[in-house]
Amino acid sequence: MTRKIAIFDTTLRDGEQSPGASMNTEEKLIIARQLIRMNVDVIEAGFPISSPGDFKSVAEIGRIAGDKCTVCGLTRAVDKDIEVAAEALKTAKRPRIHTGLGVSPSHLRDKLRLTEDQTIERAIHAVKLARNFVDDVEFYAEDAGRADQDFLVRIIEAAVKAGATVVNIPDTTGYNMPWEFGARIRDLRERVDGIEGVTISVHTHNDLGMATALALESVRNGATQIECTINGLGERAGNTSLEEVVMAIRMHEAELDAHTDIVTKELCHASKLVSSITGIMVQPNKAIVGANAFAHSSGIHQDGVLKARDTYEIIDPADVGAAGSQIILSARSGHAALRHRMAELGYTFNDEEFENIYQAFLEVADKKKEVYDEDLESIVHERERVSSAIWTLGAVQVSCGFPLTPTATLTLVDEDGEEHTVAAYGTGPVDAVYKAVDQIVAVENDLSEFSIKSITRGIDALGEVTVRVTAASGEVYIGRGSDNDIIVSSTKAYINALNRLISDQREAASK
Ligand SMILES: [Zn+2]
């Protein structure tokens, strides 16, 4: 049997730190259910002290994870952080506290202003405190990739002696070459007293496009846990991408002496889900989960693949769930069929919620005839957006064409059910609608991005619009809307972003 490599997913913590990728608790739970279904070993669910939302997400994910996976909360090496994380993790059957601090010269000198000995003292104190609350403590040595190696050996040894069960060696800035980083891991294995009793984890970033290579070279040198995210989401150029390391290990199991327990057939579904929830699209040529990952356009390649798949394809698309979802439902499908498929996708509803979902499903099925999984997910997300809304769409109508001036008539409904109607014109139909929304909602913001894509196949597919708006505070908000009519999706997306912005402003004002 080859070595088991634990997959530590940090989509909900490091991934969420991507600019504009912030998610609410409901959205995090949807992703967490998918991670559990995929069999990840650890979910890093958030940074509990950073906000009430993060605290709640960690607690809720702890509740749904049960004994299926470990749930981890991040902290700094600060008492209060650790106490709050322990509190949030009380719901978890398998809780882990992830604590640590910077270890590179620039962290010690500029950020922490500590000597090496003081840094080690603080690490020992944090690990011991965390061990008072939970049995499973992971120590991270931030920026280990640029640390003095002798100091790294000392601090890791101290953390192990203090009771850490996992030691995380991050290349926080994505600076290393794979062989250098692998040599650091090997050196730790050779020199740290007690290292054989703990798990070595690596957390690598993609600033030089090396994240996957760094993780695999670490595995070759003794690491048995990889920290990664779906679609490689994360700060700056992102984290190691889960789908890449999982499939690379699977393709090279014997030479790496390694395997993971990930259900690879769920990879493409997970990718689409995270992309749809965060509004961050996956580049078409992305390895494993990109839209073109299994497309062959050259005639020579097409011919080769038709004769024998492995001429040009190393992975069977079905193994990663890229074969496309099946047509599963239509307007004739009853309540039971819809409830069953929703449950398979990880959604459960009470009777009243389900009736609303069923009605929305019938509307889509009437227009589309064939309803795919992606449509069902879109229906659920749309319902969630509406149920937490401050402003909702009453009616929208545009007239445009050559040589007309695009004009929109718009009705929005406020929380008290009162209707507000205005008309506006603009440079195009969407611009006209957005000017009308601005007249009614009147909240200062900058629209920085607008993108549109079809969720499923065909000209009658649901069109999903994603917008990003920047508030006066500098905070970025994502809005999404889906409908068969792209003007309607565009309107819903903008209102969704403004609803988030307003509700954040209200929360800030009430503090
Ligand atoms: Zn990171």
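Before reading further, recall that the structure is shown in the block above.
Within any chain, residue numbers begin from 1 and follow the written order of that chain's sequence. The model is predicted, so local features are restricted to residues of pLDDT at least 70 and side-chain atom pairs to those at 80 or more, both for listing and for counting; the totals for chains, interfaces and linings are taken over all residues. Heavy atoms from the whole structure form the basis of all side-chain values; hydrogens and water molecules are not counted.

(A) Structural detail: the overall build of the chain. Helix and strand definitions follow DSSP, with helices as H or I runs of at least four residues and strands as E runs of at least two, each counted in order from the N terminus. A count of helical and extended segments in the chain gives 17 helices and 16 strands. Atoms counted for the radius of gyration: C-alpha only. Globule rule: 2.2 Å times the number of residues to the power 0.38. A globule of 511 residues ought to have a C-alpha radius of gyration of about 24 Å, and the chain, at 25 Å, matches this closely. Its C-alpha atoms give the chain principal-axis dimensions of about 75 × 65 × 45 Å. Relative accessibility under 20% of the residue-type maximum defines a buried residue, over 50% an exposed one, and the middle range a partly exposed one, all with a 1.4 Å probe and only protein chains included. Split into buried and exposed, the 511 residues of the chain put 54% on the buried side.

(B) Focus on the coordination of the zinc ion. In this listing, donors mean N, O and S atoms no farther than 2.8 Å from the metal, or 3.2 Å for Na, K and Ca; water is missing from the atoms, so a site can look incomplete. Note on the zinc ion: its protein donors are Asp 14 (OD), His 203 (NE2) and His 205 (NE2). The metal-donor distances range over 1.9 to 2.1 Å. Between consecutive donor residues of the zinc ion, the sequence gaps follow D-x188-H-x1-H. Of the two residues, Asp 14 is situated in the loop between strand S2 (6-9) and helix H1 (25-37) and His 205 in the loop between strand S8 (199-204) and helix H8 (211-220); the sequence distance between them amounts to 191 residues. Judged by its relative accessible area of 3%, Asp 14 falls in the buried class.

(C) Just a nonpolar patch on the surface, in detail. Excluding any residue in a salt bridge, patches collect residues exceeding 30% relative accessible area, merging like charges within 9 Å and nonpolar Val, Leu, Ile, Met, Phe, Trp and Tyr side chains within 5 Å. Here, Shrake-Rupley sampling with a 1.4 Å probe gives the accessible areas, and only protein chains in the shown set may cover a residue. One speaks of a salt bridge when a side-chain nitrogen belonging to Lys or Arg is within 4 Å of a carboxyl oxygen belonging to Asp or Glu. A grouping of Leu 447, Phe 450, Ile 452 and Ile 486 is seen on the molecular surface, where their side chains present a nonpolar patch of about 330 Å² in accessible area. Among the elements that line the nonpolar patch, the one with the most residues is strand S14 (residues 445-454), at three residues. Residue placement: Ile 486 occurs in helix H17 (residues 486-509). The exposure class of Ile 486 is partly exposed, given its relative accessible area of 44%.

(D) Looking closely at the side chain of Thr 491. Position of Thr 491 among the secondary structure elements: in helix H17. Judged by relative accessible area, which is 0%, Thr 491 ranks as buried. Only heavy atoms enter the contact rule, under which two residues are in contact if any of them lie within 4.5 Å. Dropping the residues within four chain positions of it, Thr 491 is found in contact with Leu 393, Val 396, Leu 410, Val 433 and Tyr 434.

(E) Structural detail: the nonpolar core. The term nonpolar core refers to a set of buried residues drawn from Ala, Val, Leu, Ile, Met, Phe, Trp, Tyr and Cys, joined through side-chain atoms within 4.5 Å. Counting 107 residues, the largest nonpolar core has Ile 43, Phe 139 and Ile 156 as its most contacted members. Among the elements that take part in this core, helix H6 (residues 149-162) stands out by supplying nine residues, more than any other. Domain start and stop positions are those given by an automatic or database domain assignment. Both domain 1 (3-278) and domain 2 (299-385) contribute no fewer than three residues apiece to this core. Not counting chain neighbours up to four residues away, the residues in contact with Ile 156 comprise Phe 139, Ala 141, Val 167, Ile 169, Leu 188, Val 192 and Ile 195.

(F) Expanded view of the packing of aromatic side chains. Two aromatic rings, drawn from Phe, Tyr or Trp (for Trp, its six-membered ring), form a pair once their centres lie within 6.5 Å of each other, and the interplanar angle then sorts them: stacked below 30 degrees, edge-to-face above 60, tilted otherwise. Counted according to the given criterion, the structure contains five aromatic pairs. When the centroid spacing of 6.4 Å and the interplanar angle of 40 degrees are considered together, the rings of Phe 349 and Phe 354 count as tilted. Grouping residues by exposure puts Phe 349 and Phe 354 together as buried. Between the aromatic rings of Tyr 434 and Phe 450, the centroid separation amounts to 6.3 Å while the plane-to-plane angle is 65 degrees, which identifies the pairing as edge-to-face. Taken together, the positions of Tyr 434 in helix H16 (residues 429-441) and Phe 450 in strand S14 put the pair 16 residues apart, joining distant regions of the chain. A relative accessible area of 6% means that Tyr 434 is categorised as buried. For Phe 450, a relative accessible area of 33% gives the class partly exposed.

(G) A look at the sheet that holds strand S7 (residues 166-171). The strand order around the closed barrel formed by eight strands is S2-S3-S4-S5-S6-S7-S8-S9, and the pairing between neighbours is parallel. Ignoring which end each strand starts from, the neighbouring axes of this sheet average 25 degrees apart. One bridge is not enough; two strands pair if DSSP finds at least two bridges between them. Pairing analysis gives four bridges linking S2 to strand S9 (residues 225-228), with the strands arranged parallel. If you follow Ile 7 over to S9, its bridge partner there is Ile 226. Angles here are taken between N-to-C directions and fall from 0 to 180 degrees, while the axes themselves are lines fitted to C-alpha atoms, restricted in helices to the stretch in contact. H6 contacts strand S6 (137-142) and S7 of the sheet and is inclined by roughly 165 degrees relative to S6. Seen against the sheet, H8 touches S7, S8 and S9 and runs at an angle of roughly 165 degrees to S8.

(H) Quick peek at the packing of H6 against helix H7 (residues 178-191). At their nearest, the axes of H6 and H7 sit 10 Å apart, and the two run at 50 degrees to each other. In terms of axis orientation, H6 runs oblique to H7. The interaxial crossing formed by H6 with H7 has right-handed handedness. Mapping the contact onto sequence places Gln 149, Asp 150, Leu 152, Val 153, Ile 156 and Glu 157 in H6 and Arg 184, Asp 187, Leu 188 and Arg 191 in H7. Under the scheme applied here, ten amino acids are nonpolar (Ala, Val, Leu, Ile, Met, Phe, Trp, Tyr, Cys and Pro), four are charged (Asp, Glu, Lys and Arg), and all others, including Gly, are polar. Partitioning the contact of H6 with H7 into residue classes produces four nonpolar, one polar and five charged. The labels follow the angle: roughly parallel below 35 degrees, roughly antiparallel above 145, roughly perpendicular from 65 to 115, and oblique for the rest. Handedness of a crossing follows from how the near helix is turned relative to the far one, being left-handed for an anticlockwise turn of less than a right angle and right-handed for a clockwise one.

(I) Structural detail: the pairing of S6. The buried count for S6 comes to six of six residues, which makes it a mostly enclosed element. Of the two faces of S6, the one lined by Val 137, Phe 139 and Ala 141 and the one lined by Glu 138, Tyr 140 and Glu 142 are each fully buried. As paired elements, strand S5 (residues 95-102) and S6 share six bridges and run parallel to each other. In the strand pairing of S6, Gly 100 is matched with Tyr 140. Both S6 and S7 contribute to a ladder of three bridges, which runs parallel.

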